[in-house]
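Each chain, written out:
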Amino acid sequence: MTQLNPGPRDVSHLLGDLNSSGADREFLAHAELHLPRLHELFVRLYGERTDGLERLASVVDLARRSWTERPRALKALDRERDSTPDWFESERMLGGVCYVDRYAGGLSGIRDRIPYFRELGLTYLHLMPLFESPEGNSDGGYAVSSYRRVNPALGTMEELASLAADLRRAGISLVVDFIFNHTSNEHEWAKKAVAGEPGFEDFYLIYPDREMPDAFEQTTREIFPDDHPGSFVQLDDGRWVWATFYHFQWDLNYANPAVFEAMAGEMLFLANQGVEILRMDAVAFIWKRLGTTCESLPEAHLLLQAFNAVLRMAAPGLLFKSEAIVHPDEVVSYVSPDECQISYNPLQMALTWEALATRDGRLLQQALERRHALPDGTAWVNYVRSHDDIGWTFADEDAAELGIDGYPHRRFLNDFYVGRSDGTFARGVPFQENPRTGDARVTGTTASLAGIEAGDAGGEDRVVLAHALALSTGGIPLLYLGDEVAQLNDYGYADRAAEAGDSRWVHRPFRPEQNYADRTDAATPAGRVFSRLSRLLAVRRSTPEFAGNELVAFDARAGSVVAFLRPGDGGFAVLVAANVADSTVGVDALTLSGLAPEALDLVTGAPVWLGAGLTLGAHDVRWLRVRPR
Ligand code: GLC
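Residues numbered from 1 in each chain as written. Predicted model: local features only at pLDDT ≥ 70, side-chain atom pairs only at ≥ 80, totals over all residues. Heavy atoms only, no water.

Named according to an unreviewed UniProt entry, the protein chain is Amylosucrase originating from Microbacterium proteolyticum.

Asker: Report on the overall build of the protein chain, specifying residues and quantitative values.
Answerer: Helix and strand content of the protein chain: 22 helices and 25 strands. Overall, the protein chain is about 75 × 55 × 50 Å in size when its C-alpha atoms are taken along their principal axes. In the protein chain, which comprises 629 residues, the share counted as buried stands at 63%. In the protein chain, once contacts between residues fewer than 6 apart in sequence are set aside, the share between residues at least 24 apart is 71%. (Helix = DSSP H or I, 4+ residues; strand = E, 2+ residues; numbered from the N terminus. Buried < 20%, exposed > 50% of the residue type's maximum accessible area, 1.4 Å probe, protein only. Contact = heavy atoms within 4.5 Å.)

Asker: Explain the pattern of salt bridges residue by residue, including any values.
Answerer: With the rule as written, the count across this model stands at 51 salt bridges. Between Glu-499 and Arg-496 there is a salt bridge, with its nearest N and O atoms 2.8 Å apart. Residue classification places Arg-496 among the partly exposed residues on the basis of a relative accessible area of 26%. One network of salt bridges, with partners in common, ties together Asp-139, Asp-388, Asp-502, Arg-504 and Arg-508. (Salt bridge = Lys/Arg side-chain N within 4 Å of Asp/Glu carboxyl O.)

Asker: Account for the packing of aromatic side chains, with residues named and values stated.
Answerer: Inspection of every chain in the model, using the stated rule, returns 37 aromatic pairs. Taking the centre distance of 4.8 Å and the plane angle of 65 degrees together, the rings of Phe-224 and Tyr-246 count as edge-to-face. With Phe-224 in the loop between α10 (211-217) and β8 (232-234) and Tyr-246 in the loop between β9 (240-242) and β10 (249-251), this residue pair connects regions lying 22 residues apart in the sequence. Tyr-246 matches Phe-224 in its accessibility class, with the two residues each being buried. For the ring pair Phe-260 and Phe-307, a centre distance of 4.3 Å and an interplane angle of 25 degrees mean the geometry is stacked. You can see Phe-260 sitting in helix α11 (residues 257-271) and its partner Phe-307 sitting in helix α12 (residues 298-314), a full 47 residues away along the chain. Across this residue pair, the class does not change: Phe-260 and Phe-307 are buried. Its end group placed over the ring of Trp-242, Lys-288 keeps NZ or CZ at 5.2 Å from the ring centre. (Phe/Tyr/Trp six-rings, centres within 6.5 Å; stacked < 30°, edge-to-face > 60°. Lys NZ or Arg CZ within 6 Å of the ring centre and 35° of its normal.)

Asker: Tell me what's going on with the environment of Phe-245, and back it up with residues and numbers.
Answerer: Take Phe-245: it is sitting in the loop between β9 and β10. Setting aside residues no more than four positions away along its own chain, Phe-245 makes contact with Asn-181, His-182, Ile-223, Phe-224, Asp-227, His-228, Ala-282 and Phe-285.

Asker: Go over the pairing of strand β14 (residues 379-383) with me, naming the residues and quoting the values.
Answerer: Here β14 lies mainly inside the structure; 5 of its 5 residues are buried. With burial as the criterion, each face of β14 is covered, one bearing Ala-379, Val-381 and Tyr-383 and the other bearing Trp-380 and Asn-382. Bridge analysis of strand β13 (residues 342-344) against β14 gives 3 bridges, and the strand direction is parallel. If you follow Ser-343 over to β14, its bridge partner there is Trp-380. (Pairing = 2+ DSSP bridges.)

Asker: So what's going on with the site of the ligand? Residues and values would help.
Answerer: Residues in close proximity to the ligand include Asp-139, Tyr-142, His-182, Phe-224, Phe-245, Gln-249, Arg-279, Asp-281, Glu-323, His-387, Asp-388 and Arg-504, which together make up its full environment. Separating an oxygen atom of the ligand from a side-chain N or O atom of His-182 is a distance of 2.8 Å. Contact distances for the ligand include 2.9 Å between an oxygen atom and a side-chain N or O atom of His-387. In the complex, the protein chains occlude 95% of the 310 Å² of accessible area that the ligand would expose alone. (Near = heavy atom within 4 Å. Polar contact = N/O pair within 3.5 Å; in protein donor to acceptor, adjacent residues only side chain to side chain. Areas by Shrake-Rupley, 256 points an atom, 1.4 Å probe, with all protein chains shown as cover.)

Asker: Residues and numbers for the pairing of strand β17 (residues 476-480), please.
Answerer: Two faces belong to every sheet, and in a regular strand the side chains alternate between them. When you tally the buried positions in β17, you get 5 out of 5 residues, the bulk of the element. Side-chain alternation along β17 places Ile-476, Leu-478 and Tyr-480 on one buried face and Pro-477 and Leu-479 on a second face that is also buried. By the bridge criterion, 3 bridges tie strand β1 (residues 95-98) to β17 in an arrangement that is parallel. Within β17, the position partnered with Gly-96 by the bridge is Leu-479.

Asker: Break down the environment of Arg-149 for me, citing the residues and quoting the values.
Answerer: Structurally, Arg-149 can be placed in strand β4 (residues 146-150). On the basis of relative accessible area, Arg-149 is assigned to the partly exposed category, the value being 46%. Separated by 18 residues in the primary sequence, Arg-149 and Phe-131 have C-alpha atoms spaced 5.8 Å apart. If we skip the residues at most four places from it in the chain, Arg-149 touches Phe-131, Glu-132 and Met-157. Polar contacts involving the side chain of Arg-149 include one to the side chain of Glu-132, which spans 2.8 Å.

Asker: Could you give me a rundown of the packing of helix α2 (residues 25-46) against α12, with the residues and numbers involved?
Answerer: Closest axis-to-axis distance for the α2/α12 pair is 8 Å, and the angle between their directions is 160 degrees. Here α2 lies roughly antiparallel to α12, going by the angle between them. In this structure, the crossing between α2 and α12 has a hand that is left-handed. Two secondary-structure elements touch here, α2 through Phe-27, His-30, Ala-31, His-34, Leu-35, Arg-37, Leu-38, Leu-41, Arg-44, Leu-45 and Tyr-46 and α12 through Glu-299, Leu-302, Leu-303, Gln-305, Ala-306, Asn-308, Ala-309, Val-310, Arg-312, Met-313 and Ala-314. Each residue belonging to the contact of α2 with α12 can be placed in one class, and the counts come to 14 nonpolar, 4 polar and 4 charged. (Axes fitted to C-alpha atoms, helices over the stretch in contact; angles between N-to-C directions. Parallel < 35°, antiparallel > 145°, perpendicular 65-115°, else oblique. Left-handed = near helix turned anticlockwise from the far one by under 90°. Nonpolar A, V, L, I, M, F, W, Y, C, P; charged D, E, K, R; others polar.)

Asker: Which residues make up the UniProt feature "domain: Glycosyl hydrolase family 13 catalytic" (unreviewed entry) in the protein chain, and what are the values?
Answerer: Residues annotated by UniProt as "domain: Glycosyl hydrolase family 13 catalytic" (unreviewed entry) correspond here to residues 99-511. Between the C-alpha atoms that bound residues 99-511 the distance is 9 Å, and the span itself is 36% helix and 15% strand. (UniProt positions renumbered as here; feature names shortened; annotations may be inferred.)

Asker: Which residues make up the side chain of Thr-443, and what values do they have?
Answerer: Along the chain, the position of Thr-443 falls in strand β16 (residues 439-443). A polar contact of 3.3 Å, which involves the side chain of Thr-443, links it to the backbone oxygen of Ser-503. Discounting chain neighbours no more than four positions away, the residues touching Thr-443 are Asp-389, Gly-428, Val-429, Phe-431, Leu-449, Ser-503, Arg-504, Val-506 and His-507.

Asker: Go over the packing of helix α19 (residues 459-472) against helix α22 (residues 525-541) with me, naming the residues and quoting the values.
Answerer: At a minimum axis separation of 10 Å, α19 and α22 run at an interaxial angle of 20 degrees. Judged by the inter-axis angle, α19 sits roughly parallel to α22. In this structure, α19 crosses over α22, and the sense of that crossing is right-handed. Here Glu-460, Asp-461, Val-463, Val-464, His-467, Ala-468 and Leu-471 of α19 lie close against α22, whose contacting residues are Pro-525, Arg-528, Val-529, Arg-532, Leu-533, Leu-536, Leu-537 and Arg-540. In the contact of α19 with α22, the residues fall into 9 nonpolar, 1 polar and 5 charged.

Asker: Describe in detail unusual backbone geometry, supporting the description with residues and values.
Answerer: Peptide bonds are trans in most cases, and residues, glycine excluded, mostly fall at negative phi. Not every positive phi belongs to a glycine, and Gln-432 is a case in point at roughly 50 degrees. For Gln-432, a relative accessible area of 2% gives the class buried.

Asker: Can you lay out α22 for me, pointing to particular residues and giving the numbers?
Answerer: Spanning 17 residues, α22 covers 24 Å between terminal C-alpha atoms, matching the ideal 24 Å at 1.5 Å per step. Taken together, the buried residues of α22 touch α7 (114-120), α19, β17, α21 (513-517) and β25 (621-626). (Expected span 1.5 Å × (residues − 1).)

Asker: Just give me the short version of the environment of Gly-105, but keep the residues and values in it.
Answerer: Relative to the helices and strands, Gly-105 is located in the loop between α5 (100-104) and α6 (107-112). Judged by its relative accessible area of 45%, Gly-105 is partly exposed. Distance from Gly-105 to Arg-511, taken between C-alpha atoms, is 9.4 Å for residues 406 residues apart in sequence. When near neighbours in sequence (up to four residues on either side) are disregarded, Gly-105 contacts Val-100, Ala-153 and Leu-154.

This is how it looks when you write it as structure tokens:
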């Protein structure tokens, strides 16, 4: 398989066609750099198909037209990004995420919040899915009926584009989801596929009977078992369609290059509205092959690289953020400058909670030591929690090295965080408990999981500790807006019909007005948490050691202490040390003897003498500027 069928057309022909199509010089320069790669990826993905080349030619033409239409301000941004390719690795980067309706009523409400976002120091704003999606069957917007229409309850596409411009002027990059693994069953492609309309029959994976579904389900995993067993759902006419998530979210068939072309069109459309980062939803699931788990197959990577190559031609300033909540080996496999430049760091997130529950920092410390490194030109997105459940995605083989057995340990963590074990400080809710496999995940806001809801004395400290880690390990820290004012779970979801069946709504509350009003009042949890986090945010953005991803694990010789160095210039580094235990712990002078004894506490501004060791109170976290000797 060396070229796309049929015929002798190759990259030079495609470039020649572009030359005579009137494409501008800038586009031609992009194409010369990236079209060879796109061609090669098409050969690997679609080399066996007769329509591979035709589709590639259409994709290239689409990219050319999209570049022509790309607003001037966005082309200027493309050039700026090109000259500062490490812009997203800066210590000034800070992300926030919210639901448009819940946090601000609509897009215009989001615009009204820009002054607050600036006060926090946001440079990245992820607006949760805001596209048209079926009433009642929307999976919080992750079932998309049109990528070109905004949910009318939130605003319009024109408003989104103008909001993107306003945010950009405020130094904030707009992030939206690119939900490209599946569409809602009400998307026009889905309707046409079911009706057998020519050109759409193969957009989804639809089978006449159970033969193929049964064969696939031998090896696939159930993702939303509360909704339906297996990976398929039955249509009214008796056929079966692939639906990894909810029954109304149908997986697209990327083995068909027409699907790639169609999605590339939607992606470029969004890019030209001023979106700067696309959160690539559910990347692990986009390619299926019989006899496999149908997760993280090699073609999933090729597809992402192909989408990336299209972007580099037509909207080169954009980044992809990977959403792969899977085994840590797989998570990192999506991260590269040619694929997804940034990625959620689900391992650090989950292990932060693991450490708080066990009061043992060793698994997290081990992960920082061996699983934190990334290729140059990429970054983690570090978060304390997201809009989704917490899954315990650590590697069993890593845990085994520390004498921890993965299966019972996950059970312990689930019981602990849903408030079922004795002495727990957490108030979480189970999500997708699967009695057959014993699998379950946990939902809850940071404040509720950390103990504030339960009135635990360490609750506020744990919220601060978890954020201090996300802010200091390297990459883009991402705040779930509302957590900075200690918002609690919203149990009201259980009374709302569209949400009752999905416990993730417990941690997607409406904007907590009272907490925000209290944020300057030190007599309230909201006020105390906000003022402590604000201090950390300010210190982070003026600490150059926090840029980039370089991290050297520091063995504090105390199981409850997670510690690492972030090297900087001039022989200095920042030592981060966090004690996850409920009691005071000492790090002795000998352990610290590789550091000069004079240090500076960046948070309090006070000098620290390491010559006598370091004492960390319960849930204490320190950011010290030190000089390794
Ligand atoms: C991602 C989203 C999640 C959604 C799923 C299906 O995992 O984060 O909220 O349910 O994709 O789109």
